[in-house]
Amino acid sequence: MIRDSRKAAAQLLSWYDRHRRDLPWRAKPGETADPYRVWLSEIMLQQTTVPAVAPYFRSFTERWPTVADLAAAPLDDLLVAWAGLGYYARARNLHKCARVVADGHGGRFPETEAELLALPGVGAYTAAAISAIAFDRKATVVDGNVERVIARIFAVEEPLPAAKTTLRRLAATLTPDGRPGDYAQAMMDLGATVCTPRKPRCMLCPWADLCDARAAGIAEELPRKVAKAEKPTRRGVAYWLLNPDGAVLLRRRAEEGLLGGMAEIPSTGWGPQAPDAAAVAAQAPLPAVWKRLPGLVRHTFTHFHLELEVVAAVAGDGWRQADGRWIPIDRLGDQALPTVMVKVVRHALAHA
DNA sequence: TATACGTGGCT
DNA sequence: TAGCCAAGTAT
């Protein structure tokens, strides 16, 4: 039970001062935060773990040290650099947002949540995080970590996502006036390192004494969540096509939707049933003698499983007619290939 | 409110 | 192994 929210915030900040983590995007004590780096890291960290983000953050900031540099870059350069990190709409919105900030805000990020919220790719969480961390303005930052911490200390039994409104309201009651940036990061660090989804380290928690869920012995059960729908399986056939020079045919996916704007090995549509021989011939990028490679490429997206067969062929005289770009095999690493397509390439190289 | 949108690590 | 989960946003 929280009897004194100011005391609770002070306890958390004290814990943070003693356990502050050194992360690539985090200003050291006494340093001034760089809004560009805060923004970039927050976009990358959306639904993505710290270890996955770290190398991407380093390469982006080395190559594009300012938001103006990022705004001046071609979108395709960002997509290549983002390849493998996932949720590619983030990269497209990153580029849009950089241009809005560079062209519409004189190269400076706005400081208020309302203005930040208007930027592409910036939602409620990210707007609050940037305002608090980059500008030290009071804001209630609510991400998955904060939802979990709040659900536990107040023993909120209502399942997510319905509980979101309640959790946000409760979180706001604890937000202190002082040190907004440190407090926001402290809440998230507490969730990431102590108040973890499984096996929470309550013995190390600065809020153990006031945690209702711990008192009730249900900390690990919270927050409750409604069961997720089962993932369907979709199936298709990918075409590994070489030209007489040994280059591979790649295509650019549609700008919107799944893997929007990214490169791909051409394939049939992905449906519940694997396409039959007639469909494989009909959807092929060129008429050719297609040889089925052994095995399957399996990949799981957020909302479905994918199973791809791979067929291979060498294009004949009409190879220039194919829709797409011919890429030498040793240049595939420079393309904006999402992980599922990297798997297809590896599979083809291993079996063709 | 519900759904689309990636990936890799952990259990 | 199969499922869960991570600093969410857009529609």
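Residues numbered from 1 in each chain as written. Chains lettered and ligands numbered in written order. Predicted model: local features only at pLDDT ≥ 70, side-chain atom pairs only at ≥ 80, totals over all residues. Heavy atoms only, no water.

The name an unreviewed UniProt entry gives chain A is Adenine DNA glycosylase, with Azospirillum thermophilum as the organism. What UniProt states about chain A under its Function (unreviewed entry) heading is, verbatim, "Adenine glycosylase active on G-A mispairs. MutY also corrects error-prone DNA synthesis past GO lesions which are due to the oxidatively damaged form of guanine: 7,8-dihydro-8-oxoguanine (8-oxo-dGTP)." In its Catalytic activity (unreviewed entry) section, the UniProt entry covering chain A states "Hydrolyzes free adenine bases from 7,8-dihydro-8-oxoguanine:adenine mismatched double-stranded DNA, leaving an apurinic site." (UniProt positions renumbered as here; feature names shortened; annotations may be inferred.)

Our next topic: the state of the cysteines. The tally for this structure, following the rule as stated, stands at 0 disulfides. Of all cysteine sulfurs in the structure, the one in Cys-202 sits closest to Cys-211, which takes part in no disulfide; the separation is 6.3 Å. (Disulfide = S-S within 2.5 Å.)

Turning next to empty space enclosed by the protein. Considering all chains together, one arrives at 2 cavities of 30 Å³ or more under this definition. In terms of lining, the largest cavity is formed by 13 residues, of which the most central are Arg-152, Cys-195, Cys-202, Cys-205 and Cys-211. Tallied by class, residues from the lining of the largest cavity come to 12 nonpolar, no polar and 1 charged. In this structure, the second largest cavity spans a volume of roughly 60 Å³. Lining of the second largest cavity is provided by Ala-139, Thr-140, Val-141, Val-146, Ala-171, Thr-175, Tyr-183, Ala-184 and Met-187. At 3 residues, helix H11 (residues 180-193) tops the list of elements feeding residues into the lining of the second largest cavity. Per-class residue counts for the lining of the second largest cavity are 7 nonpolar, 2 polar and no charged. (1 Å grid on protein atoms, 1.4 Å probe; cavity = no way out; pocket = protein on both sides within 12 Å on 5 of 7 lines; lining within 4 Å. Points joined across faces, edges and corners; volume = space filled by probe spheres on them. Nonpolar A, V, L, I, M, F, W, Y, C, P; charged D, E, K, R; others polar. Helix = DSSP H or I, 4+ residues; strand = E, 2+ residues; numbered from the N terminus.)

The next point concerns the UniProt feature "domain: HhH-GPD" (unreviewed entry) in chain A. Following the UniProt record, one finds the feature "domain: HhH-GPD" (unreviewed entry) at residues 44-193. Within residues 44-193, the helical portion is 65% and the strand portion 0%, while the C-alpha atoms at the span's ends are 19 Å from each other.

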